[in-house]
Amino acid sequence: MDKRLYYEDAYCTRFTAQVAERFTLEEQPAVRLSRSAFYPTSGGQPHDTGRLDGTGVVDVQVGTDGAVLHVLAEPLPDGTASVSGEIDWWRRYDHMQQHSGQHLLSQVFFRRLGLETVSVHFGDALNTVDLDGPPLSAEEQADIETAANRLVWENRPIRAYWVDEEARGKVPLRRAPAVAGATRIVEIDKFDWSACGGTHVRRTGEIGLIALVRVEKHRGRCRVHFVCGRRALADAARRRGLLAEAAGLLDSGVDDVPELVSKQQEALRGAERELKALRDGLVAYQARELLAGAETAGGVRLVAREMAESEPAAVQGLVRALIAEPGVVALLGCARGGKGTVVFARSEDCSVHVGNLLRDTLRGFGGGGGGRPDFAQGGGVGEEKLVDVLGAAAEVVRREVGG
């Protein structure tokens, strides 16, 4: 295995090494070095980026033999035997803040709530910890966030060291490692001990602010979205900006936003109730008008009409109002974007099977659809064919009811 410099010093950003092997990985040039400070994607922590003699390192992976594999933006010049490597420091430091913050958070979750961490993911913007328990309450979130940040302010040392398998049994690990042999321990002084090969800050104070952003239920467990350090600062600034924008829209101070939003929500609910009542009244009026002019065939009132300016949902509502009356067969159609939609329905006391009627009629015009004996909907015909579709269906109804 190549020597991994970040094990000894996560703050190492420059190094020199011999080129041990050149090859292609996932159709991109790659190299293996005699030693490396680049962290490869592993343990949930994303890989480093940087440069080798000015050539971009775009990905870092662990080979099947445990070697660190550097994927390059372009091949190194022919004959290159040694290289100078440089890590993108701010990316590395961001990952160090997030990873150290996760160790601290996971121990706080366990000590205060008895919740074990079952999985971790470090993303480009947000990180997640999945806990073996139900979603946290608002009070629990606040308690965890306060306790975690108090440990940050204590600025406790964070140390990384190796122990053999015998000595490992004496370390109070939060979670037993899956591998045997020598183990790298990352310790937050007198608080957390974790088997970990990742990069970490030297003291908890460097983690910076820890913020719980969102909590949700995920596959029967609790998923906590969190950010640390610069990410937490950026998230706070973003939220502050959104709140200020909302206050500007409401012409108020930020402290008044929740109350004003609540009042506007109540006003909106009232307006929606009034609008629904008006729509229901309009539908009832339209239904009465259509029934007043309906054709009577075999004791059935037949309404066949194209509702040119209506949406399908509005047509459905009108059809339901029509068939609430006895002895009605309603055949209505509408069009949007040149495509026609038809809705057929009948009252409970009518025997016409409108599902079959709609399917058979539309088939003759190149469309399709179907439904129940008392209600059906379909389409797939051009707007210009709607009148003919409705006329053909009406003629079938007339024959069936003996009109």
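Our structure's up above, just so we're on the same page.
Every chain is numbered independently, its residues counted from 1 as its sequence is written. For a predicted model such as this one, the threshold for reporting local features is a pLDDT of at least 70, and the threshold for listing and counting side-chain atom pairs is 80 or more; totals across whole chains, interfaces and linings nevertheless cover every residue. With hydrogens and water stripped out, all remaining heavy atoms of the structure feed into the side-chain values.

Side note on unusual backbone geometry
For step 1, the next point in the chain: Here the phi dihedral of Asn 155 falls at roughly 55 degrees; this positive angle occurs in a residue that is not glycine.
For step 2, the next point in the chain: Segments assigned H or I by DSSP are reported as helices when at least four residues long, segments assigned E as strands when at least two residues long, and all are numbered from the N terminus. Take Asn 155: it is sitting in the loop between α3 (138-153) and β11 (158-163).
For step 3, the next point in the chain: Partly exposed residues are those whose accessible area sits between 20% and 50% of the maximum for their type, while under 20% is buried and over 50% is exposed, using a 1.4 Å probe and protein chains only. Taking the relative accessible area as the measure of exposure, Asn 155 reaches 29% and is therefore partly exposed.
For step 4, the next point in the chain: One non-glycine residue, Asp 251, lies in positive phi territory at about 55 degrees.
For step 5, the next point in the chain: Among the structural elements, Asp 251 can be located in the loop between α5 (229-250) and α6 (257-292).

Digging into the pattern of salt bridges
Pairs can form between side chains of opposite charge whenever their charged atoms are close.
For step 1, the next point in the chain: The salt bridge definition used is simple: a Lys or Arg side-chain nitrogen within 4 Å of an Asp or Glu carboxyl oxygen. In this structure the tally under the stated criterion is 29 salt bridges.
For step 2, the next point in the chain: A salt bridge links Arg 92 to Asp 48; its shortest N-O distance comes to 2.6 Å. Taken together, the residues Arg 92 in helix α2 (residues 89-113) and Asp 48 in the loop between β4 (35-36) and β5 (50-52) connect sequence positions 44 residues apart.
For step 3, the next point in the chain: Residue Glu 86 pairs with Arg 51 through a salt bridge whose shortest N-O separation is 3.9 Å. With Glu 86 in strand β8 (residues 82-87) and Arg 51 in strand β5, the pair connects residues that are 35 residues apart, well separated along the chain.
For step 4, the next point in the chain: Members of the salt-bridge network, linked through shared partners, are Arg 14, Arg 51, Glu 86 and Asp 88.

Structural notes on the sheet that holds strand β6 (residues 55-62)
For step 1, the next point in the chain: Pairing is antiparallel in the closed barrel, where six strands are placed in the order β2-β3-β7-β6-β5-β8. Within this sheet the neighbouring strands show an average axis-to-axis angle of 45 degrees, counted without direction. Following DSSP output, two strands are said to pair if at least two bridges run between them. Axis geometry follows a simple rule: fit a line to the C-alpha atoms, using only the stretch in contact for helices, then measure angles between N-to-C directions, giving values from 0 to 180 degrees.

Some thoughts on the side chain of Asp 235
For step 1, the next point in the chain: Relative to the assigned elements, Asp 235 resides in helix α5.
For step 2, the next point in the chain: Counting of polar contacts relies on pairs of N or O atoms within 3.5 Å, with two restrictions inside protein: one atom must be capable of donating a hydrogen and the other of accepting it, and residues adjacent in sequence are counted only when both atoms are side-chain atoms. In this structure the side chain of Asp 235 is engaged in a polar contact, spanning 3.2 Å, whose partner is the side chain of Arg 238.
For step 3, the next point in the chain: Whether two residues touch is decided by their heavy atoms; if any such pair falls within 4.5 Å, the residues are in contact. Setting aside its immediate chain neighbours within four residues, Asp 235 contacts Val 213 and Val 227.

Digging into the nonpolar core
For step 1, the next point in the chain: To form a nonpolar core, buried Ala, Val, Leu, Ile, Met, Phe, Trp, Tyr and Cys residues must be joined to one another through side-chain atoms within 4.5 Å. Counting 32 residues, the largest nonpolar core has Leu 104, Leu 105, Val 108, Ile 210 and Val 224 as the members making the most contacts within it.
For step 2, the next point in the chain: At the level of elements, α2, β10 (127-131), α3, β12 (183-188), β14 (210-218) and β15 (221-228) are the ones that each hand at least two residues to this core.
For step 3, the next point in the chain: Ranked by residue count, the leading element in this core is α2, at six residues.
For step 4, the next point in the chain: Apart from residues lying up to four places away in sequence, Val 224 is in contact with Phe 109, Asn 127, Thr 128, Val 129, Leu 131, Leu 136, Leu 212, Arg 214 and Val 215.
For step 5, the next point in the chain: In terms of nonpolar packing, the next biggest core, distinct from the first, is built from 21 residues, Val 342, Val 354, Leu 358 and Leu 386 among them.

What to know about the packing of α2 against α3
For step 1, the next point in the chain: At a minimum axis distance of 10 Å, the contact between α2 and α3 shows a crossing angle of 125 degrees. When the axes of α2 and α3 are compared, the pair comes out oblique. Pair α2 / α3 crosses with right-handed handedness. Residues Leu 104, Leu 105, Val 108, Phe 109, Arg 112 and Leu 113 of α2 pack against Glu 140, Asp 143, Ile 144, Ala 147, Ala 148, Leu 151 and Val 152 of α3.
For step 2, the next point in the chain: Each residue belonging to the contact of α2 with α3 can be placed in one class, and the counts come to ten nonpolar, no polar and three charged. Any angle that is under 35 degrees is reported as roughly parallel, and any over 145 degrees as roughly antiparallel; angles of 65 to 115 degrees are reported as roughly perpendicular and all others as oblique. Crossings are classed by handedness, with left-handed meaning an anticlockwise turn of the near helix from the far one by less than a right angle and right-handed meaning a clockwise turn. Each residue gets one of three labels, nonpolar for Ala, Val, Leu, Ile, Met, Phe, Trp, Tyr, Cys and Pro, charged for Asp, Glu, Lys and Arg, and polar for the others, Gly among them.

Some points on the pairing of β10
For step 1, the next point in the chain: Most of β10 sits inside the fold, with five of its five residues counted as buried.
For step 2, the next point in the chain: Covered by surrounding structure in β10 are Asn 127, Val 129 and Leu 131 together with Thr 128 and Asp 130, the residues of both alternating faces.
For step 3, the next point in the chain: Pairing of strand β9 (residues 117-122) with β10, which is carried by five bridges, proceeds in the antiparallel orientation. Within β10, the residue paired with His 121 across the bridge is Thr 128.
For step 4, the next point in the chain: The loop that links β9 with its antiparallel partner β10 comprises four residues.
For step 5, the next point in the chain: Both β10 and β15 contribute to a ladder of five bridges, which runs antiparallel.

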